[in-house]
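Structural description and commentary
For reference, the chains in residue letters:
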Amino acid sequence: MAGRWNRWDHRLFAALYDLLAPAAEEAYYAARRAEIAGGATGRVLEIGAGTGANLPHYPAETVLVAVEPNAHMLRRARRKAARHGRSVRWVEAAAEALPFEDRSFDTVVSTLVLCSVTDPGAAARDLWRVLRPGGTLRIVEHVRAEDPALARWQDRVTPVWRRLGAGCHPNRPTLAILERAGFETVQVRLESFGPAPVRPHVVAVLHKAGRDDGR
């Protein structure tokens, strides 16, 4: 969206996020973040880092680069990193246009992000590009329901939901989009927690096949 309403520069959404998130974090997300971010290794890229909810979970030895397109959320994340004593390279950018060289990360982490990128196919391809062969993509994302009735309802509510939720689409088949970009699923778990529009969630580790020589 263009003009004065720019979802990547949404000051109100950034301000409300940390106020509204704690209940959901305690009930659902904190444990999944610990599993997904906590399993990251090597040089790590987090896309859509938001206000920094994953920061406490990364192993201390990882080298962390975090991308966030919303400048207001990025400021909050920087402050949170300072409180945790966590060294992070922060980059203001979108997942569809990552300003990094090919094959430059060992792990990519995405939690509750791919629902709201403008072009999920382009984002998936760019994640593939920056991940080294043999690297892993670790995700927690809500996805399109397998139940046809719930999926149709997600389709109906998406036009309103994405305006209220800074671009969030409840009906995206995210795992299929990633697989079309070339990722291979190593482990996947479908979980039914959360309110109906953003249920189910997929907790997954995906792999970029090949060797470091590019094959």
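Rules and cut-offs
- Residues numbered from 1 in each chain as written.
- Predicted model: local features only at pLDDT ≥ 70, side-chain atom pairs only at ≥ 80, totals over all residues.
- Heavy atoms only, no water.
- pLDDT = per-residue confidence, 0-100.
- Contact = heavy atoms within 4.5 Å.
- Helix = DSSP H or I, 4+ residues; strand = E, 2+ residues; numbered from the N terminus.
- Buried < 20%, exposed > 50% of the residue type's maximum accessible area, 1.4 Å probe, protein only.
- Polar contact = N/O pair within 3.5 Å; in protein donor to acceptor, adjacent residues only side chain to side chain.
- Core = buried A, V, L, I, M, F, W, Y, C linked by side-chain atoms within 4.5 Å.
- Pairing = 2+ DSSP bridges.
- Axes fitted to C-alpha atoms, helices over the stretch in contact; angles between N-to-C directions.
- Phe/Tyr/Trp six-rings, centres within 6.5 Å; stacked < 30°, edge-to-face > 60°.
- Lys NZ or Arg CZ within 6 Å of the ring centre and 35° of its normal.

1. Some words on the confidence of the model for the protein chain
Averaged over every residue, the pLDDT of the protein chain is 88; residues scoring 70 or more account for 86%. This stretch, residues 1–9, has a pLDDT under 50; its non-local contacts, to residues over four places away or in other chains, come to 18 contacts.

2. Some details on the side chain of E68
One can find E68 in the loop between β2 (63–67) and α2 (71–84). The exposure class of E68 is buried, given its relative accessible area of 4%. From its side chain, E68 meets the backbone nitrogen of A49 in a polar contact 3.4 Å long. When neighbours within four sequence positions are excluded, E68 is seen to be in contact with G48, A49, G50, M73, L74, V91, E92 and A93.

3. Brief notes about the environment of V188
As for its position among the elements, V188 is in strand β6 (residues 184–191). Other than its neighbours up to four places away in sequence, V188 contacts L175, V202, V203 and A204.

4. Some thoughts on the nonpolar core
Grouped together as the largest cluster of nonpolar side chains are 30 residues, with contacts concentrated most on L45 and F100. The greatest single-element share of this core, amounting to four residues, is contributed by helix α3 (residues 120–130). Not counting chain neighbours up to four residues away, the residues in contact with L45 comprise V65, V67, L98, F100, F105, T107, V108, V109 and V130. Judged by nonpolar contacts, the second largest core, of 17 residues, contains I36, A37, V109 and V203.

5. What to know about the sheet that holds strand β5 (residues 131–142)
The sheet built from seven strands is open, its strands ordered β3-β2-β1-β4-β5-β7-β6 with mixed pairing. Where the open sheet ends on each side, the last strands, each with one partner, are β3 (88–91) and β6. Strand-to-strand, the axes of this sheet are offset by a mean angle of 15°, without reference to chain direction. Where β5 lies against strand β7 (residues 201–207), seven bridges are found, and the strand directions are antiparallel.

6. Overview of α3
Most of α3 is tucked away, with eight of its 11 residues classed as buried. Buried-residue contacts for α3 involve β1 (43–47), β4 (105–111), β5 and α5 (174–180). The N-terminus of α3 is capped by D119, whose side-chain oxygen sits 3.2 Å from the backbone nitrogen of G121.

7. Considerations on the packing of aromatic side chains
Using the criterion set out here, one finds three aromatic pairs in the structure. Ring centres 5.2 Å apart and planes at 85° place the aromatic pair F100 and F105 in the edge-to-face group. Its relative accessible area of 9% is what places F100 among the buried residues. Sitting over the face of the ring of W128, K208 holds its NZ or CZ atom 4.7 Å from the ring centroid.

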